[in-house]
Amino acid sequence: MKKILQCLMSLDIGGAETHVVELSKYLSKQGYEVVVASNGGTYSKELMEAGVKVVRIPMHSKRPIFVLQSLVSLNRLMREFKPDIVHAHARIPSLYVSIFEKLYHFRMITTVHFT
């Protein structure tokens, strides 16, 4: 079974967030193991009810304490989950994911959501 990790800043109301929720639910129904990592938000409950694991990682801010927490938490998640594909949505999550790409040997996808 393919393992897919989706990383984004938060799961509050918005186009990127809706995209991640719908994509994650669909992939989960198709038999993929999906984990969504973000700072949490409105859509967390909907994902969990659909069988998608949600992990809270503070990728919403560039403040040094959140950067450190995000890198440590994301490293732990990568080691434990061992994703085949990581899909990053936004600049901050994309930067963090790119740091681990060579170390953990997964395929990385970045989607830029913009007006």
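Right above here is the structure, for reference.
Just so you know, these numbers come straight off a predicted model, no measurement behind them.

Colleague: Explain the side chain of Lys-25 to me, please; I cannot follow it from the model alone.
Modeller: Looking at the element boundaries, Lys-25 is found in helix 1 (residues 15–29). Residue class for Lys-25 comes out buried when judged on its relative accessible area of 19%.

Colleague: Would you take a moment to explain the sheet that holds strand 1 (residues 3–8) for this structure?
Modeller: Whenever strands of a sheet pair, they do so through backbone hydrogen bonds, lying parallel or antiparallel. Strand order in the open sheet formed by five strands is 3-2-1-4-5, and the pairing between neighbours is parallel. Both outer strands of the open sheet, strand 3 (53–56) and strand 5 (107–111), are each paired with one neighbouring strand and no more. In this sheet, neighbouring strand axes are inclined to one another by 20° on average, regardless of whether the strands run parallel or antiparallel. With five bridges connecting them, strand 1 and strand 4 (residues 85–89) associate as parallel partners. Looking at strand 4, one finds that Leu-8 is bridged to His-89. Its contacts with the sheet place helix 3 (residues 64–81) against strand 1, strand 2 (33–38), strand 3 and strand 4, and it is angled at close to 170° to strand 1.

Analysis parameters
- Residues numbered from 1 in each chain as written.
- Predicted model: local features only at pLDDT ≥ 70, side-chain atom pairs only at ≥ 80, totals over all residues.
- Heavy atoms only, no water.
- Helix = DSSP H or I, 4+ residues; strand = E, 2+ residues; numbered from the N terminus.
- Buried < 20%, exposed > 50% of the residue type's maximum accessible area, 1.4 Å probe, protein only.
- Pairing = 2+ DSSP bridges.
- Axes fitted to C-alpha atoms, helices over the stretch in contact; angles between N-to-C directions.
- Contact = heavy atoms within 4.5 Å.

It is worth stressing that arrangement in space is one thing and function is another; only the former is reported here.
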